[in-house]
Amino acid sequence: MALLKVKFNQKKRVKLAQGLWLMNWFSVFAGILVFSMGLFLKIELRKRSEVMDNSESHFVPNSLILMGILSCAFNGFAGKICYDSLDPAKFAKWKPLLKPYLALCCVFNMLVFFVALICFLMRGSLDSTLAQGLKNGMKFYRDTDTPGRCFMKKTIDMLQIEFKCCGNNGYKDWFEIQWISNRYLDFSSKEVKDRIKSNVDGRYLVDGVPFSCCNPSSPRPCIQYQVTNNSAHYSYDYQTEELNLWRRGCREALLNYYSGMMSSMGAVILLVWLFEMSVMVGLRLLHTSLESITNPEDPECESEGWVLENSLKDTFKSALENLKKLGKFNQVEAGAEGAEGEEGGKTPAITTVS
């Protein structure tokens, strides 16, 4: 029994073709939207590529850009087919291409669904990318005189100001690295010497943070040095002064920003996928309804359209049988080639009579 079997007359076929033509052009605009989203996400990721460890995060925007281009191409082609289906003479040239085209549409829709899922599942990969990238970026914060790294201070400062964050996981991350350049340290000072000597790696570590960690909403001037020393500041307790420095780490802030953006894009892609699926089903119904016309000379006669010629169970069984036959055919061919090789390898025995 055919799946989604529908009876059509000429009027219904014309309405279906016209509706599909309109839907395909809506799908072209949806493809442009997907392309634009991918381009926007790629630009956003490029802005902060210095604090990302690898390029895996660009898989999503690249996929969106590709899906957008393919969507415009596929749906533009389908719109042309639907338009020509109103004229039997024009539609005749498309008949041999419809089955391969519908098979490609199935593959394309599977890819669109896969990209939508990836948009929701990229959070873990993005988390590790940001964690390592921010860690490296903070190490290079002091290298304002080093070519290739001199921009990192500005990048980190602008990032912390824009996203209202501090450090990788929190402001205490700055206590573990030397973020003050040696050119601004007085090595004749006893305090500087003692701090450097007390550290195994010979680094100048302080319980302080860059100015960009300061919260401008704090009611008191920002305390960015001796953050954990309560006695160094009047009426101060670093464990309760929540408004003084940004408590949230930049990894969490960026992760929420990008994953929220990708989740929204994933929801849009799922809607586009549902729309594409409905277009593909409609095109299949139009294709079968035109092929099943019993009398081509009578365009007003009734016909039947369906999505699958048999039920899902029968179609699945038939596909499995075809795969098995294909496998057996390949085995027979391989066996035949082996037998030919053995026969070719035999040499006739020659008897000599003296």
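Residues numbered from 1 in each chain as written. Predicted model: local features only at pLDDT ≥ 70, side-chain atom pairs only at ≥ 80, totals over all residues. Heavy atoms only, no water.

Where an unreviewed UniProt entry is consulted, the protein appears under the name Peripherin-2, with the organism given as Certhia brachydactyla. According to the UniProt record, the Subcellular location (unreviewed entry) comment for the protein is "Membrane". Looking at the protein in UniProt, the text filed under Sequence similarities (unreviewed entry) is "Belongs to the PRPH2/ROM1 family." (UniProt positions renumbered as here; feature names shortened; annotations may be inferred.)

Peer 1: Could you clarify how one ought to interpret the overall build of the protein in this entry?
Peer 2: A tally of regular secondary structure across the protein gives 9 helices and 2 strands. Counting from the amino terminus, helix and strand elements in the protein follow one another as β-α-α-α-α-α-α-α-α-β-α. A total of 354 residues make up the protein; the buried ones form 39% of that total. For the protein, the share of sequence-separated contacts (at least 6 apart) that also reach a separation of at least 24 residues comes to 73%. (Helix = DSSP H or I, 4+ residues; strand = E, 2+ residues; numbered from the N terminus. Buried < 20%, exposed > 50% of the residue type's maximum accessible area, 1.4 Å probe, protein only. Contact = heavy atoms within 4.5 Å.)

Peer 1: Hey, could you run me through the state of the cysteines in this one?
Peer 2: In a disulfide, the sulfur atoms of two cysteines are held together by a covalent bond. Counted according to the given criterion, the structure contains 3 disulfides. In this model Cys214 forms its disulfide with Cys222; the gap between the sulfur atoms is 1.9 Å. Its S-S torsion of approximately -75 degrees makes the covalent link between Cys214 and Cys222 left-handed. The exposure class assigned to Cys222 is partly exposed, which follows from its relative accessible area of 32%. In the protein, the bonded cysteines, taken in the order they occur along the sequence, pair up as 1-6, 2-3, 4-5. In this model Cys106 remains outside any disulfide bridge; the closest cysteine sulfur is found in Cys105, 7.2 Å from its own. (Disulfide = S-S within 2.5 Å.)

Peer 1: What's the story with the packing of aromatic side chains in this structure? I'm lost.
Peer 2: Any two aromatic rings considered together are summarised by their centre-to-centre distance and by the angle between their planes. Going through the model one piece at a time under the given rule, you end up with 11 aromatic pairs. Here the aromatic rings of Tyr141 and Trp179 are separated by 6.3 Å at their centres, their planes lie at 70 degrees, and the arrangement is edge-to-face. Residue Tyr141 is located in the loop between helix 5 (123-139) and helix 6 (152-163), and its partner Trp179 is located in the loop between helix 6 and helix 7 (190-197); the two are separated by 38 residues in the primary sequence. Overall, the relative accessible area of 8% leaves Trp179 in the buried class. With centroids separated by 5.3 Å and ring planes inclined at 75 degrees, the aromatic side chains of Phe163 and Tyr257 adopt a geometry described as edge-to-face. (Phe/Tyr/Trp six-rings, centres within 6.5 Å; stacked < 30°, edge-to-face > 60°.)

Peer 1: Where do I start with the packing of helix 4 (residues 95-121) against helix 8 (residues 250-291) in this structure?
Peer 2: When two helices pack together, their arrangement is captured by the angle between the axes and the distance separating the axes. Close contact between helix 4 and helix 8 brings their axes to 8 Å; oriented N to C, the two are set at 165 degrees. One element, helix 4, and the other, helix 8, form an angle in the roughly antiparallel class. Crossing of helix 4 against helix 8: the hand is left-handed. Residue composition of the contact of helix 4 with helix 8, grouped by class: 19 nonpolar, 4 polar and 3 charged. (Axes fitted to C-alpha atoms, helices over the stretch in contact; angles between N-to-C directions. Parallel < 35°, antiparallel > 145°, perpendicular 65-115°, else oblique. Left-handed = near helix turned anticlockwise from the far one by under 90°. Nonpolar A, V, L, I, M, F, W, Y, C, P; charged D, E, K, R; others polar.)

Peer 1: How should a nonpolar patch on the surface be read in this particular structure?
Peer 2: On the surface, a nonpolar cluster with roughly 760 Å² of combined accessible area is contributed by Trp21, Leu22, Trp25, Phe26, Phe29, Ile32 and Tyr83. Along the chain, Leu22 turns up in helix 1 (residues 10-47). Owing to a relative accessible area of 46%, Leu22 belongs among the partly exposed residues under this scheme. (Patch = residues over 30% accessible without salt bridge, like charges linked within 9 Å, V, L, I, M, F, W, Y side chains within 5 Å. Areas by Shrake-Rupley, 256 points an atom, 1.4 Å probe, with all protein chains shown as cover. Salt bridge = Lys/Arg side-chain N within 4 Å of Asp/Glu carboxyl O.)

Peer 1: Before we go on, may I ask you to explain the pattern of salt bridges in this structure?
Peer 2: When their charged atoms lie close together, side chains carrying opposite charge are able to pair. Taken as a whole and judged by the stated rule, the model has 11 salt bridges. Across the pair Lys47 and Glu44 runs a salt bridge, and its minimum N-O distance is 2.9 Å. Pair noted here: Lys47 and Glu44 are both in helix 1, with a separation of 3 residues, about one helical turn. Counted as one network, the salt bridges with shared partners bring together Glu44, Lys47, Arg48 and Glu162.

Peer 1: What is the right way to read the side chain of Asn244 from this model?
Peer 2: Position of Asn244 among the secondary structure elements: in the loop between helix 7 and helix 8. Setting aside residues no more than four positions away along its own chain, Asn244 makes contact with Cys213, Cys214, Asn215, Ser218, Arg220, Pro221, Cys222 and Ile223.

Peer 1: Mind showing me how you'd approach the environment of Asn136 here?
Peer 2: Within the secondary structure, Asn136 sits in helix 5. Residue classification places Asn136 among the partly exposed residues on the basis of a relative accessible area of 23%. Spatially, the C-alpha atoms of Asn136 and Met52 are 8.9 Å apart, while their sequence positions differ by 84 residues.

Peer 1: Would you mind showing me how to read the packing of helix 6 against helix 8 here?
Peer 2: Look at helix 6 against helix 8: their axes get within 10 Å of each other, and the N-to-C directions meet at 65 degrees. Relative to helix 8, helix 6 is oriented roughly perpendicular. Seen from above, helix 6 lies across helix 8 with left-handed handedness. Contacts from Leu159, Gln160 and Phe163 of helix 6 reach helix 8 at Cys250, Ala253, Leu254 and Tyr257.

Peer 1: What's the story with the UniProt feature "transmembrane region" (unreviewed entry) in the protein in this structure? I'm lost.
Peer 2: Mapped onto this numbering, the UniProt entry gives "transmembrane region" (unreviewed entry) at residues 20-41, 101-122 and 255-275. As annotated, residues 101-122 comprises 95% helix and 0% strand, and the C-alpha atoms at either end are separated by 31 Å. In residues 255-275, the share of helix is 100% and the share of strand is 0%. The end C-alpha atoms are 30 Å apart.

Peer 1: Which parts of the structure should I look at to understand the environment of Ser259?
Peer 2: Within the fold, Ser259 resides in helix 8. The exposure class of Ser259 is buried, given its relative accessible area of 10%. Spatially, the C-alpha atoms of Ser259 and Phe120 are 7.6 Å apart, while their sequence positions differ by 139 residues.

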